[in-house]
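# Geometric and topological summary
For reference, the chains in residue letters:
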Amino acid sequence: MPKTQITQKGFNDLKTELEDLTKSKKPKAIDRLGKARSMGDLSENSEYTAAKEELAFVEGRVQEIQQVLDNAEVTSSNNSGDLVQIGSSVTVEFNDKNEIFQIVGEFEADPINKKLSKNSPVGQALINKKAGDLVEVNIPAGKVQYKIIDIK
């Protein structure tokens with residue numbers, strides 16, 4: 001299985017989430033399921049169904065995180081700031097405004113919070129570029145041009 005590139009912060013966040021799931025959420029879900037099971041007829045017990053689904057979700061998330069952690073390649077942040085790499089915070093100019101994006105591994109991507117996967121169109125355009133470079137990105141609305149102002 002190919003390695004999943006991830007920042008150190010993303011790796012630590014996943015470990016914290018896994019610990020919370022296994023030590024807190026899973027035992028609570030098991031307890032909820034047991035209480036719902038004791039309510040009687042399971043065929044018409046919506047609490048039982050909901051508890052079972054919650055436990056299945058928690059267990060699925062535990063497996064997903066464990067798989068990512070087992071196959072994680074933590075990217076070093078020894079970036080000198082010369083080139084955009086995973087873990088870089090990139091200030092770009094777009095429509096006379098500055099925006100800051102963080103380039104992350106695909107599992108950490110969160111576009112709403114400006115964390116862009118290195119595999120996203122913008123991430124691909126920025127990777128291995130340097131301050132002062134102009135990059136053009138094809139997005140559904142057309143072509144967009146960014147000027148890289150700073151890399152940290």
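As a starting point, this report considers the structure included with it. (Residues numbered from 1 in each chain as written. Predicted model: local features only at pLDDT ≥ 70, side-chain atom pairs only at ≥ 80, totals over all residues. Heavy atoms only, no water.)

### What to know about the pairing of strand 7 (residues 142-151)
Where strand 3 (residues 89-94) and strand 7 come together, four bridges link them in antiparallel fashion. Within strand 7, the position partnered with Glu93 by the bridge is Lys147. Across six bridges, strand 6 (residues 134-139) lies against strand 7 in antiparallel orientation. Bridging across to strand 7, Val137 finds its partner in Val144. Between strand 6 and the antiparallel strand that follows it, strand 7, lie two residues. (Pairing = 2+ DSSP bridges. Helix = DSSP H or I, 4+ residues; strand = E, 2+ residues; numbered from the N terminus.)

### Looking at the sheet that holds strand 4 (residues 97-104)
Read from one edge to the other, the open sheet built from five strands follows the order 5-4-3-7-6, with strand pairing classed as mixed. The two strands at the open ends of the sheet, each matched to only one other strand, are strand 5 (115-117) and strand 6. Adjacent strand axes in the sheet meet at a mean angle of 45 degrees, parallel and antiparallel pairs treated alike. Taken together, the six bridges between strand 3 and strand 4 define a ladder with antiparallel strand orientation. What sits directly across from Thr91, in strand 4, is Ile100. (Axes fitted to C-alpha atoms, helices over the stretch in contact; angles between N-to-C directions.)

### Some details on the packing of aromatic side chains
Summed over the entire model, instances satisfying the criterion amount to two aromatic pairs. Where Phe94 meets Tyr146, the ring centres are 5.2 Å apart and the plane angle is 40 degrees; that geometry is what we call tilted. Residue Phe94 is located in strand 3, and its partner Tyr146 is located in strand 7; the two are separated by 52 residues in the primary sequence. For the pair Phe101 and Tyr146, a centre-to-centre distance of 5.9 Å together with 90 degrees between the ring planes defines the contact as edge-to-face. In this pair, Phe101 is assigned in strand 4 and Tyr146 in strand 7, connecting sequence segments 45 residues apart. Relative accessible area serves as the criterion here: at 8%, Phe101 is assigned to the buried category. Under the relative-accessibility criterion, Tyr146 is labelled buried at 10%. Taken together through their ring pairs, the aromatic side chains of Phe94, Phe101 and Tyr146 make up a single cluster. (Phe/Tyr/Trp six-rings, centres within 6.5 Å; stacked < 30°, edge-to-face > 60°. Buried < 20%, exposed > 50% of the residue type's maximum accessible area, 1.4 Å probe, protein only.)

### What about helix 1 (residues 8-37)?
Compared with the 44 Å implied by 1.5 Å per residue over 30 residues, the 41 Å span of helix 1 between its first and last C-alpha is a close match. The largest bend in helix 1 comes to about 40 degrees, at Leu21. Residues of helix 1 that are buried: Gly10, Phe11, Leu14, Leu18, Leu21, Ala29, Leu33 and Ala36. In this fold, the buried residues of helix 1 make contact with strand 1 (4-6), helix 2 (46-70) and strand 2 (72-74). (Expected span 1.5 Å × (residues − 1). Bend = angle between axes of the 7 residues up to and from the residue. Contact = heavy atoms within 4.5 Å.)

### Regarding the side chain of Thr75
Note on placement: Thr75 falls in the loop between strand 2 and strand 3. The class for Thr75 is buried, based on a relative accessible area of 16%.

### Let's talk about the side chain of Thr7
With respect to the helices and strands, Thr7 occurs in the loop between strand 1 and helix 1. Assessed through its relative accessible area of 8%, Thr7 is described here as buried. With residues near it in sequence (within four places) discarded, Thr7 still touches Val74, Thr75, Ile86, Gly87, Val104 and Glu108.

### Points about the nonpolar core
With 16 residues, the main nonpolar core has Leu126, Tyr146 and Ile148 as its most contacted residues. Counting only elements with at least two residues in this core, the list comes to strand 3, strand 4, helix 3 (121-126), strand 6 and strand 7. Looking at this core element by element, the count peaks at four residues for strand 7. Residues in contact with Ile148, not counting those within four places in the same chain, are Val84, Val90, Thr91, Val92, Leu126, Lys129, Lys130, Ala131, Gly132, Asp133 and Val135. Counting residues in each nonpolar core, the second largest holds 11 residues, with Leu14, Val58, Val62 and Ala72 among its members. (Core = buried A, V, L, I, M, F, W, Y, C linked by side-chain atoms within 4.5 Å.)

In short, shape yes, function no, at least from these values alone.
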